[in-house]
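For reference, the chains in residue letters:
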Amino acid sequence: MKVLQDMDIGELAAFICNVLSNHGIECVLTGGACVSIYSNNRYQSGDLDFIETGESKRSKIKDILSGIGFEEYNRYFKRKDVKYFIEFPSGPLSIASERVNEISEIEFSTGILKLLSPTDCVKDRLAAYYFWDDKESLEQAYLVATVQEININEIARWSKKENCTGKFNQFKKLLIKNKNEA
Amino acid sequence: MIEVLLGSVNKERVLIYLVARKSGYAREIARYYESELTPIQSQLRNLENANILASQSVGKTRVYSLNPRYPFTKELVNLIEKAIYFLPDEEKQKLTVYRTRPRRTGKEI
């Protein structure tokens, strides 16, 4: 197996996911790292955000990650020779007001990674665009939507529930425009 | 009012202030309640670490607001709005009616 410092973001995330799972801690990768993985690094994230699906003490996570060389700084975990930060944002695993029901898995040489599905990854990015008007997140949602198979009807349903149909329509127009130009 | 439920009077203050005024920073909230700054800062950080609040830097100030991506925000806001409804009229007025229009630099009043 590759050494940690040579792993790409997906390999490292899968490795971390497996190390934690071997100690009984189940985590799902969320946030920008999912965009990196689904877009084959066309967007590059610098951190791995894992949400725990159970309830574990932070001290246990700290001990496990310390065993593979990651030390805690300001709620982040960092290893000097690895460029990515690891964080465990507080759960539950959700996209705005809805819980995440479907978790995807991707097998890497370093282990099996549990992460948001492409559709939920797009919703996760769109949430930042909807609520904070963050254009970078809109671009990330667009990137994933153009390279992965997503369920646009599901995103429309969720957007309506979050009272964001107007912004969803802008996103959909962007996708259609891109499709017509391709 | 709901401090027992929330576990801390300063957490109640922070949440009431942020729901009523949509956003705020530690010194402003502490000044409003005439309380110590440190426990207010501490509650803001705790709530942010739990994803209940989000913050961003405006100049040198960290401004907090409710995190709309937190799954219980709607329910939390409903609870806090009900707590605000039960505040004495004078307190409610002070909390919810405040100047938001611009004030020219150097103008004293």
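Computed from a predicted model, the values in this text were never measured in an experiment.

About the cut-offs
- Residues numbered from 1 in each chain as written.
- Chains lettered and ligands numbered in written order.
- Predicted model: local features only at pLDDT ≥ 70, side-chain atom pairs only at ≥ 80, totals over all residues.
- Helix = DSSP H or I, 4+ residues; strand = E, 2+ residues; numbered from the N terminus.
- Rg over C-alpha atoms; globule rule 2.2 N^0.38 Å.
- Contact = placed C-beta atoms within 7 Å.
- Domains from an automatic or database assignment.
- Nonpolar A, V, L, I, M, F, W, Y, C, P; charged D, E, K, R; others polar.
- pLDDT = per-residue confidence, 0-100.
- Expected span 1.5 Å × (residues − 1).
- Buried ≥ 20, exposed ≤ 12 C-beta atoms within 10 Å, placed from the backbone.
- Pairing = 2+ DSSP bridges.
- Core = buried A, V, L, I, M, F, W, Y, C linked by C-beta atoms within 7 Å.
- Axes fitted to C-alpha atoms, helices over the stretch in contact; angles between N-to-C directions.
- Left-handed = near helix turned anticlockwise from the far one by under 90°.

When helices and strands are counted, chain A shows seven helices and nine strands. For chain A, the C-alpha radius of gyration of 17 Å lies close to 16 Å, the compact-globule estimate for 182 residues. Principal-axis analysis of the C-alpha atoms places the extent of chain A at approximately 50 × 30 × 25 Å. At a minimum sequence separation of 6, the contacts of chain A that also span at least 24 residues come to 63%.

Here we take up the domain arrangement of chain A. All names here are of chain A. We note that the domain assignment places domain 1 (4-116) and domain 2 (119-181) within chain A. Between domain 1 and domain 2, the C-alpha centre-to-centre distance is 24 Å. In this complex, domain 1 contributes 15 residues to the contact, which on the side of domain 2 involves 13 residues. Looking at the side of domain 1 that touches domain 2, the element that brings in the most residues is helix α2 (residues 32-38), giving four residues. Its residues assigned to classes, the side of domain 1 that touches domain 2 comprises eight nonpolar, five polar and two charged.

The next subject is the confidence of the model for chain B. Residues at a pLDDT of 70 or more form 98% of chain B, whose mean pLDDT is 92. What the predictor reports for the complex is a pTM of 0.88 with an ipTM of 0.77.

Moving on, we come to the interface of chain A and chain B. Counting residues at the interface gives nine residues for chain A, matched by seven residues for chain B. Its residues assigned to classes, the side of chain A that touches chain B comprises five nonpolar, three polar and one charged.

Quick look at unusual backbone geometry now. Residues and elements named next belong to chain A. Put simply, Gly91 and Pro92 share a cis peptide bond, and its omega is 5°. Position of Pro92 relative to the elements: it lies in the loop between β5 (85-87) and β6 (94-95). At Arg75, a residue that is not glycine, the phi angle is positive and equals roughly 75°.

Residue and element names in this part refer to chain A. Taking 1.5 Å as the rise per residue, helix α4 (residues 118-132) with 15 residues should run 21 Å; its terminal C-alpha atoms sit 21 Å apart, in good agreement. In terms of residue burial, α4 counts as a mostly covered element, since 13 of its 15 residues are buried. Phi turns positive, to about 55°, at Asp133, one or two residues after α4.

Another aspect to go through is the pairing of strand β9 (residues 111-116) of chain A. All names here are of chain A. With six bridges joining them, strand β8 (residues 103-108) and β9 adopt antiparallel strand pairing. Pairing of Phe108 across the sheet is with Gly111, part of β9. Between β8 and β9, which pair antiparallel and follow one another directly, the connecting turn spans two residues.

The sheet contact formed by strand β1 (residues 53-58) of chain B and strand β2 (residues 61-66) of chain B spans six bridges and is antiparallel. Residue Ser55 of chain B lies in a different strand from β2 of chain B, and its bridge partner there is Tyr64 of chain B.

Formed by 49 residues in total, the largest nonpolar core has its most connected members in Ala13, Leu29, Cys34 and Leu48 of chain A. For this core, the two domains that each supply at least three residues are domain 1 (4-116) and domain 2 (119-181) of chain A.

Residue and element names in this part refer to chain A. Orientation of α4 relative to helix α6 (residues 152-161), taken along the N-to-C sense of each, is 35°, at an axis distance of 10 Å. The two elements α4 and α6 cross, and the hand of that crossing is right-handed. The residues of α6 that touch α4, namely those facing Thr119, Val122 and Lys123, are Glu154, Ile155 and Trp158. Looking at the contact of α4 with α6 residue by residue, the classes come out as three nonpolar, one polar and two charged.

Here we take up the environment of Leu116 of chain A. Residues and elements named next belong to chain A. Mapped onto the secondary structure, Leu116 falls in strand β9. Counting along the chain gives 82 residues from Leu116 to Cys34, while the straight-line C-alpha distance between them is 7.0 Å. Residues in contact with Leu116, not counting those within four places in the same chain, are Val28, Thr30, Cys34, Val100, Ser104, Cys121 and Asp124.

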